[in-house]
Amino acid sequence: MISQLTVFLGNEEGRLAAAVRTLSQADINLHSLNIAESADFGILRIICDTPEAALEAMKTAGYQASLTPLVAVQVPNVKGGLASLLNALDEKDINIEYGYCFSLNEQTAIDVLKIKQEGVEAELAQAGFTIVAPADIYVVD
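What you are looking at is a predicted structure, and each value in this text was computed from that prediction instead of being measured.

Thresholds applied
Residues numbered from 1 in each chain as written. Predicted model: local features only at pLDDT ≥ 70, side-chain atom pairs only at ≥ 80, totals over all residues. Heavy atoms only, no water. Helix = DSSP H or I, 4+ residues; strand = E, 2+ residues; numbered from the N terminus. Rg over C-alpha atoms; globule rule 2.2 N^0.38 Å. Buried < 20%, exposed > 50% of the residue type's maximum accessible area, 1.4 Å probe, protein only. Contact = heavy atoms within 4.5 Å. Areas by Shrake-Rupley, 256 points an atom, 1.4 Å probe, with all protein chains shown as cover. Core = buried A, V, L, I, M, F, W, Y, C linked by side-chain atoms within 4.5 Å.

Trainee: What should I look at first to understand the overall build of the protein in this one?
Mentor: Of the regular secondary structure elements, the protein holds five helices and seven strands. Secondary structure elements in the protein, listed N-terminal to C-terminal, are β-α-β-β-α-β-α-β-β-α-β-α. Relative to a compact globule of 141 residues, whose C-alpha radius of gyration would be 14 Å, the protein shows 16 Å and is just as compact. Summarising its shape, the C-alpha atoms of the protein cover approximately 45 × 35 × 25 Å along the three principal directions. Across the 141 residues of the protein, 39% fall into the buried class. Pairs at least 24 residues apart make up 68% of the contacts formed inside the protein by residues separated by at least 6 positions. When the accessible area of the protein is evaluated, it comes to approximately 7,900 Å², of which 48% is carbon and sulfur surface.

Trainee: Just to check I follow, could you spell out unusual backbone geometry for this structure?
Mentor: With the exception of glycine, most residues fall at negative phi, and the peptide bonds are largely trans. Of note in this structure, D27 is not a glycine but carries a positive phi near 65 degrees. With respect to the helices, strands and loops of the structure, D27 is situated in the loop between helix 1 (15-25) and strand 2 (30-37). With relative accessibility at 65%, the residue D27 sits in the exposed group. Even without being glycine, D93 reaches a positive phi, approximately 55 degrees. Mapped onto the secondary structure, D93 falls in the loop between helix 3 (81-91) and strand 5 (98-103). Taking the relative accessible area as the measure of exposure, D93 reaches 67% and is therefore exposed.

Trainee: What's the story with the nonpolar core in this structure? I'm lost.
Mentor: Counting 15 residues, the largest nonpolar core has L5, V7, L23, M58 and Y63 as the members making the most contacts within it. When residues of this core are traced back to their parent elements, those giving at least two are strand 1 (2-10), helix 1, strand 3 (41-48) and helix 2 (51-60). In this view, L5 contacts L23, L44, R45, I46, A54, L55, M58, A65, S66 and L67; residues no more than four positions away in its chain are not counted. By size, the runner-up hydrophobic cluster in this structure holds 13 residues, among which are V71, V75, A88 and L124.

See the structure below:
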């Protein structure tokens, strides 16, 4: 499992910049950022080098924030890489709450998934997928 920093932001001009500035001032290095938004608020999802320190920085600055455990899975960075992972999850009746993907390099992509089911990492490893440890997601070859 990896930890994602989840921050709730009012959908107001400048709020994203202020949140990211708070993390920068706390010497937090962002590796992935995803925003889900509605008319009134946004949910900022961040993978960073030091999630616990990032959480503390955000809470100290008055943000509503939490850490969310996620499964990070390495897949080949090719057409159909994500489809093979989703097919394996579907075959095992494993539900995904949400997810996002990013490329590490030309060969490797990381699919980050919010899944409540216990033991999903073992299930995916048995299916031949590599589960990414926190230390591995923060280093790009």
